[in-house]
Amino acid sequence: MMIINARPPDPAGSPDPAQSPAVRAEGLTVVRGTRTVLRGLDFAVPRGQITGLLGPSGCGKSTLMRSTVGTQAKVAGTLEVLGHPAGHAALRSRIGYVTQAPSVYDDLTVRQNLDYFAAILDPGRAAAERRRANVTQAVADVDLTSHADSLAGNLSGGQRSRVSLAVALLGTPELLVLDEPTVGLDPVLRRDLWNLFHAIAAERQATLLISSHVMDEAERCHRLLLMREGEILADDTPDALRDRTGSDTVEAAFLHLVDEAIAAGNRTATGDAAGTGSTSGEHPRKETVR
Amino acid sequence: MSTTAPTSVSTGKPATPMSRPSALNLSRTTATATRVLRQLRHDPRTIALMILIPCVMLVLLRYVFDGSPLTFDSIGASLLGIFPLITMFLVTSIATLRERTSGTLERLLAMPLGKGDLIAGYALAFGALAIVQSALATGLAVWFLGLDVVGSPWLLLLVALLDALLGTALGLFVSAFAASEYQAVQFMPAVIFPQLLLCGLFTPRPNMHPALEAVSDVLPMSYAVDGMNEVLKHTDMTADFVRDALIVAGCALLVLTLGAATLRRRTA
């Protein structure tokens, strides 16, 4: 079931659903309480690639991810995921989702956790053999084989978040939405996980949407969405971003774009009246940058 | 690029996806029940407390009313119905609250798990535990403490099981309104104590103030206790017993449905 758009179809757009972006947003707006967390976002996440979602904490990364997997309420605008409206029941077995805080049962062992979630994704006695293989593979993927029979509650923080990640790797999700999967992990493990992410994208043609506020991880993504205060500053490849801003690193490019945005915000706030008002009410706290 | 002003009308807001009518999926339900029981198995102290405390209380009661065995019969039978309700209420409200706060509920509801599967899984697991608890307590009361039951102990067990389901349902429902374990535990006196006072345990319901008697008529625990007393006094399954059992079962189903409505796939 596709969303019918008000605007005419893009002539360049391909009608083939396999080629359409994994996630497509138009005017995506989310209000939480009295706060507008996402402000009319337009973006597309291409299939089969790793898209990094970067920005300072509190900029709306998690809300964007929750909207994509369909757990966020009060989502306005268009948000299409794998050809369905976000949150559609048909998507539930096709998306793997890892929340920021590890969501696993502390009073179960690593393997028991995975056994349960595998039974939800791929139920039935006939699938038992496949499930067991899946679980063993997922445990190995996150390098927890030696801890498979430890209680999740007795593991370290980094280990628990890897259990949470392993749950998302069960089955073969077409879209993996990972909210800060590498926070608090040591460099070796971070490198291994990023290698795993690339392997998943390359071998399974899966799409990965990975958030981070560590800018050096941005270099490992195929594409980047840079966010700040509920808006998207840039949607491009890391190389193009560096070229466009004349910066050496993605971090410098991001800071450059933030400064630009603040300068633009100040201009509309002080001078030229009759502005569009699209940034009204938006007073960045770090105004001193100028 | 980005950031047009958020003018676009919300076209096709996907807030109410066309979820399939979530008919129960047996394997997902049993997988959930197995998981809940496995969690409990890692917590043997809780199991021991759940199973032993009702027995200890019954022994205590037996010797409190040492001089008046008739009182023990009536109160003991009532308590056999009340224990499973209270235990399951507490266990379920804490378990579901933990499920909500740990993020596992959000994860499960983002997976192809029906709400009915989750609730039925919990009901199945705690129902099994309630059977063990009630069987031990009933057996102890009838065969060792001399509880004088005219009817079949199986019927006592049946009512106890229905009460456990009611407790599970109530616990699930109130956990939606508790933000912390502290609040969840405080719902116990709020939801259970009034029913305890009005269910006829302390004084027959017709002796109460008419207003209170009317209130007690709509509280499910009253029927749980009435049902137990029917078994106590009659050899056969009386019409009143059937009515009481059906009311308790109906209330459990109703509250379970309400509880299912509090499980939201989308949250703010």
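Residues numbered from 1 in each chain as written. Chains lettered and ligands numbered in written order. Predicted model: local features only at pLDDT ≥ 70, side-chain atom pairs only at ≥ 80, totals over all residues. Heavy atoms only, no water.

Participant: Quick question: what am I supposed to make of the pattern of salt bridges here?
Facilitator: Side chains bearing opposite charge may pair, as long as their charged atoms lie close to each other. Evaluated as defined, the whole model comprises 23 salt bridges over all chains. Arg35(B) is paired through a salt bridge with Glu99(B); the nearest N and O atoms lie 3.2 Å apart. Taken together, the residues span a long stretch of sequence, with Arg35(B) in helix 1 (residues 26-41) and Glu99(B) in helix 3 (residues 69-101) at a distance of 64 residues. One exposure class covers both Arg35(B) and Glu99(B), and it is buried. In this structure, Asp226(B) engages Arg205(B) in a salt bridge whose closest nitrogen and oxygen atoms are separated by 2.7 Å. You can see Asp226(B) sitting in helix 10 (residues 220-233) and its partner Arg205(B) sitting in the loop between helix 8 (193-198) and helix 9 (210-217), a full 21 residues away along the chain. By relative accessible area, which is 11% here, Arg205(B) ends up buried. A single network of salt bridges, built from pairs that share partners, joins Arg24(A), Glu26(A) and Glu80(A). (Salt bridge = Lys/Arg side-chain N within 4 Å of Asp/Glu carboxyl O. Helix = DSSP H or I, 4+ residues; strand = E, 2+ residues; numbered from the N terminus. Buried < 20%, exposed > 50% of the residue type's maximum accessible area, 1.4 Å probe, protein only.)

Participant: Help me out: how do you make sense of the UniProt feature "domain: ABC transmembrane type-2" (unreviewed entry) in chain B in this one?
Facilitator: UniProt tags residues 41-266 of chain B as "domain: ABC transmembrane type-2" (unreviewed entry). With 78% helix and 0% strand, residues 41-266 of chain B has end C-alpha atoms that lie 31 Å from one another. (UniProt positions renumbered as here; feature names shortened; annotations may be inferred.)

Participant: Honestly, the packing of aromatic side chains in this entry has me stumped. Any pointers?
Facilitator: Aromatic ring pairs are reported here in terms of the distance separating the ring centres and the angle at which the planes meet. All names here are of chain B. On inspection of all chains with the given rule, the structure shows 6 aromatic pairs over all chains. Ring plane angle 70° and centroid distance 5.2 Å describe the contact between phenylalanine 173 and phenylalanine 177, whose orientation is recorded as edge-to-face. On the accessibility criterion, phenylalanine 173 (24% relative accessible area) is partly exposed. For arginine 62, the ring lying beneath its charged end belongs to tyrosine 63, and the centroid distance is 4.8 Å. In this arrangement the basic side chain of arginine 205 is found over the ring face of tyrosine 223, its NZ or CZ atom lying 5.7 Å from the centre. (Phe/Tyr/Trp six-rings, centres within 6.5 Å; stacked < 30°, edge-to-face > 60°. Lys NZ or Arg CZ within 6 Å of the ring centre and 35° of its normal.)

Participant: How should I be thinking about the pairing of strand 10 (residues 231-236) of chain A in this particular structure?
Facilitator: Put simply, side chains in a regular strand alternate between the two faces of the sheet. All names here are of chain A. Along strand 10, 6 of the 6 residues are buried, which leaves the element largely enclosed by surrounding structure. Across 5 bridges, strand 9 (residues 223-228) lies against strand 10 in antiparallel orientation. Bridge assignment links methionine 227 to a residue of strand 10, and that residue is isoleucine 232. Between strand 9 and strand 10, which pair antiparallel and follow one another directly, the connecting turn spans 2 residues, one of which, glutamate 229, has a positive phi of 45°. (Pairing = 2+ DSSP bridges.)

Participant: Mind showing me how you'd approach helix 2 (residues 44-64) of chain B here?
Facilitator: The periodicity of an α-helix, 3.6 residues per turn, causes residues three or four positions apart to be oriented the same way. All names here are of chain B. Between the first and last C-alpha of helix 2 there are 30 Å, a value that for 21 residues agrees with the 30 Å anticipated at 1.5 Å per step. Burial in helix 2 covers these residues: Met50, Ile51, Pro54, Cys55, Leu58 and Leu61. Those residues of helix 2 that are buried lie in contact with helix 3 and helix 5 (115-144). (Expected span 1.5 Å × (residues − 1). Contact = heavy atoms within 4.5 Å.)

Participant: Which parts of the structure should I look at to understand the pairing of strand 2 (residues 35-45) of chain A?
Facilitator: In this sheet, strand 2 of chain A lies alongside strand 1 (residues 23-32) of chain A in antiparallel orientation, the contact comprising 7 bridges. Each bridged residue has a counterpart across the sheet, and for Arg24(A) the counterpart in strand 2 of chain A is Ala44(A).

Participant: I'm lost on empty space enclosed by the protein in this one. Help?
Facilitator: With a probe scaled to a water molecule rolled over the atoms, the places where space remains empty come into view. Residues and elements named next belong to chain B. Applying the stated rule across the entire model yields 1 cavity of 30 Å³ or more. In this model, the largest cavity occupies a volume close to 30 Å³. Together, Pro54, Leu80, Phe83, Pro84, Gln133, Ser134, Ala137 and Thr138 line the largest cavity. Of all the secondary structure elements, the ones that give two or more residues to the lining of the largest cavity are helix 3 and helix 5. The biggest single contributor to the lining of the largest cavity is helix 5, with 4 residues. Split by residue class, the lining of the largest cavity holds 5 nonpolar, 3 polar and no charged. (1 Å grid on protein atoms, 1.4 Å probe; cavity = no way out; pocket = protein on both sides within 12 Å on 5 of 7 lines; lining within 4 Å. Points joined across faces, edges and corners; volume = space filled by probe spheres on them. Nonpolar A, V, L, I, M, F, W, Y, C, P; charged D, E, K, R; others polar.)

Participant: Which parts of the structure should I look at to understand the UniProt feature "transmembrane region" (unreviewed entry) in chain B?
Facilitator: Residues and elements named next belong to chain B. Mapped onto the present numbering, the UniProt feature "transmembrane region" (unreviewed entry) falls at residues 47-65, 77-97, 118-142, 154-177, 184-203 and 245-263. With 92% helix and 0% strand, residues 154-177 has its two end C-alpha atoms placed 36 Å apart. Helix makes up 70% of residues 184-203 and strand 0%, and the two end C-alpha atoms of the span are 29 Å apart.

Participant: Looking at this structure, how should I read the layout of surface pockets?
Facilitator: Residue and element names in this part refer to chain B. Computed from the structure, the largest pocket encloses a volume of approximately 770 Å³. Lining the largest pocket are 34 residues, with Thr46, Met50, Leu90, Val91 and Ile94 sitting closest to its centre. Looking at the lining of the largest pocket element by element, the count peaks at 11 residues for helix 3. In terms of residue class, the lining of the largest pocket is built from 21 nonpolar, 6 polar and 7 charged.

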